[in-house]
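# Survey of secondary and tertiary structure
Here's the letter readout for the chains.
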Amino acid sequence: MFLQAFFVAVFGLAAIGFGVAVFRTASMVRSALALLFSQAAVGCMFLAMQSEFLGVLQIMMMATEMSIMAIFMVMFMMDPGGLGGMDMSHQKRFSIGAGVIAAGTAFAVALVSDWGPVTVEAPDAAMQARELGIEMLGRSMLIFETAAVTILTAMIAATAVAIPVHEPARNDGKDENDKEASR
């Protein structure tokens, strides 16, 4: 039990550290990689809590999502490598204040809320995956399908925007020589 709590704490601190690194770098690609590592650390927290299905799902989804995001940032950003020295943070005072208020609220909710009785023993991985599958294929199915179609549509639209449009050469039956001769 101590080893499990230790790894949850280590991966939690890693997630927070990489989350801070997202906003501390001037490079969009490095920011995307820091976000990937932060979300992978959250996935490792799930693994440490013996929620194998959620942990692997988190890591796989974030790896794919952040890879796609990095590719699109390289395609569309003026300076994806951060060599121009751009500042990634905006409205610093407001964002610091909002972050402090949000963190205080989260800590207050965590400390004041009644979390119910502590489970002595969690179900095994197969039972967790079965119960999660029943939940996903039950009332949450429409939500997941809608999100999947929305993400697919956004990816197709972004790709369509990235492809340059070439107008076909106009051919109205006259050659360049005919135009020269008529002058």
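Residues numbered from 1 in each chain as written. Predicted model: local features only at pLDDT ≥ 70, side-chain atom pairs only at ≥ 80, totals over all residues. Heavy atoms only, no water.

Next up on the list: the overall build of the protein chain. Summing up its helical and strand segments, the protein chain has seven helices and zero strands in all. Counting from the amino terminus, the protein chain carries its helices and strands in the arrangement α-α-α-α-α-α-α. Looking at the 183 residues of the protein chain, the share that counts as buried comes to 15%. Sequence separation of 24 or more characterises 63% of the internal contacts of the protein chain that already satisfy a separation of 6 or more. When the accessible surface of the protein chain is split by element, carbon and sulfur atoms take 70% of a total near 14300 Å². (Helix = DSSP H or I, 4+ residues; strand = E, 2+ residues; numbered from the N terminus. Buried < 20%, exposed > 50% of the residue type's maximum accessible area, 1.4 Å probe, protein only. Contact = heavy atoms within 4.5 Å. Areas by Shrake-Rupley, 256 points an atom, 1.4 Å probe, with all protein chains shown as cover.)

In this section: the UniProt feature "transmembrane region" (unreviewed entry) in the protein chain. If you check UniProt for "transmembrane region" (unreviewed entry), the listed places come out as residues 6-25, 32-49, 55-74, 94-113 and 142-165 in our numbering. Counting secondary structure, residues 55-74 comes out at 100% helix and 0% strand; the distance between its end C-alpha atoms is 28 Å. The span residues 94-113 carries 95% helix and 0% strand; its end-to-end C-alpha distance comes to 28 Å. (UniProt positions renumbered as here; feature names shortened; annotations may be inferred.)

Backbone geometry at Gln50 places phi at a positive 65°, although glycine is not the residue there. Looking at the element boundaries, Gln50 is found in the loop between α2 (28-48) and α3 (52-76).

Our focus in this paragraph is helix α1 (residues 2-24). With 23 residues, α1 should cover 33 Å at 1.5 Å per step; its first-to-last C-alpha distance of 33 Å lies within 8% of that length. Of all the residues in α1, the buried ones are Gly12, Ala15 and Val22. As for α1, its buried residues are in contact with α2. (Expected span 1.5 Å × (residues − 1).)

Attention now moves to the packing of aromatic side chains. Ring pairs (aromatic) are described by centroid distance and by the angle formed between their planes. Summed over all chains, the structure comprises three aromatic pairs. Where Phe6 meets Phe7, the ring centres are 5.4 Å apart and the plane angle is 70°; that geometry is what we call edge-to-face. Residue Phe6 is classed as partly exposed on the basis of its relative accessible area, which comes to 43%. Relative to Phe37, the ring of Phe18 has its centre 5.3 Å away and its plane inclined at 55°; by these criteria the two rings are tilted. (Phe/Tyr/Trp six-rings, centres within 6.5 Å; stacked < 30°, edge-to-face > 60°.)

Attention now moves to the packing of α1 against α2. The N-to-C vectors of α1 and α2 enclose an angle of 165°; their axes lie 8 Å apart at closest approach. On the basis of their axis angle, the class for α1 and α2 is roughly antiparallel. Like other packed secondary-structure pairs, α1 and α2 cross with a definite hand, here left-handed. Contacts between α1 and α2 involve Gln4, Phe7, Val8, Phe11, Gly12, Ala14, Ala15, Phe18, Gly19, Ala21 and Val22 from the former and Ser31, Ala34, Leu35, Phe37, Ser38, Ala41, Val42, Cys44, Met45 and Ala48 from the latter. Taken together, the residues of the contact of α1 with α2 break down into 16 nonpolar, five polar and no charged. (Axes fitted to C-alpha atoms, helices over the stretch in contact; angles between N-to-C directions. Parallel < 35°, antiparallel > 145°, perpendicular 65-115°, else oblique. Left-handed = near helix turned anticlockwise from the far one by under 90°. Nonpolar A, V, L, I, M, F, W, Y, C, P; charged D, E, K, R; others polar.)

In this section: the side chain of Ser38. Within the element layout of this structure, Ser38 appears in helix α2. Here Ser38 falls in the buried class, since its relative accessible area comes to 6%. The contact partners of Ser38, leaving out residues within four places of it in the chain, are Ala15, Phe18 and Gly19.

Take the packing of α3 against helix α6 (residues 141-162) next. Geometrically, a packed helix pair is captured by the angle between its two axes and the distance between the axes. In contact at an axis separation of 11 Å, α3 and α6 are set at 25° when each is read in the N-to-C sense. Of the possible angle classes, the one that applies to α3 and α6 is roughly parallel. The crossing of α3 and α6 is left-handed. On α6, the residues touching Ile68, Phe72, Met75 and Phe76 of α3 are Met155, Ala158, Thr159, Val161 and Ala162. Of the residues belonging to the contact of α3 with α6, the class tally is eight nonpolar, one polar and no charged.

Once that is clear, we can look at a nonpolar patch on the surface. Together, Phe2, Leu3, Phe6, Phe7 and Val10 give the surface a local cluster of nonpolar side chains, amounting to about 520 Å² of exposed area. Mapped onto the elements, Phe7 comes out in helix α1. For Phe7, a relative accessible area of 34% translates into the label partly exposed. (Patch = residues over 30% accessible without salt bridge, like charges linked within 9 Å, V, L, I, M, F, W, Y side chains within 5 Å. Salt bridge = Lys/Arg side-chain N within 4 Å of Asp/Glu carboxyl O.)

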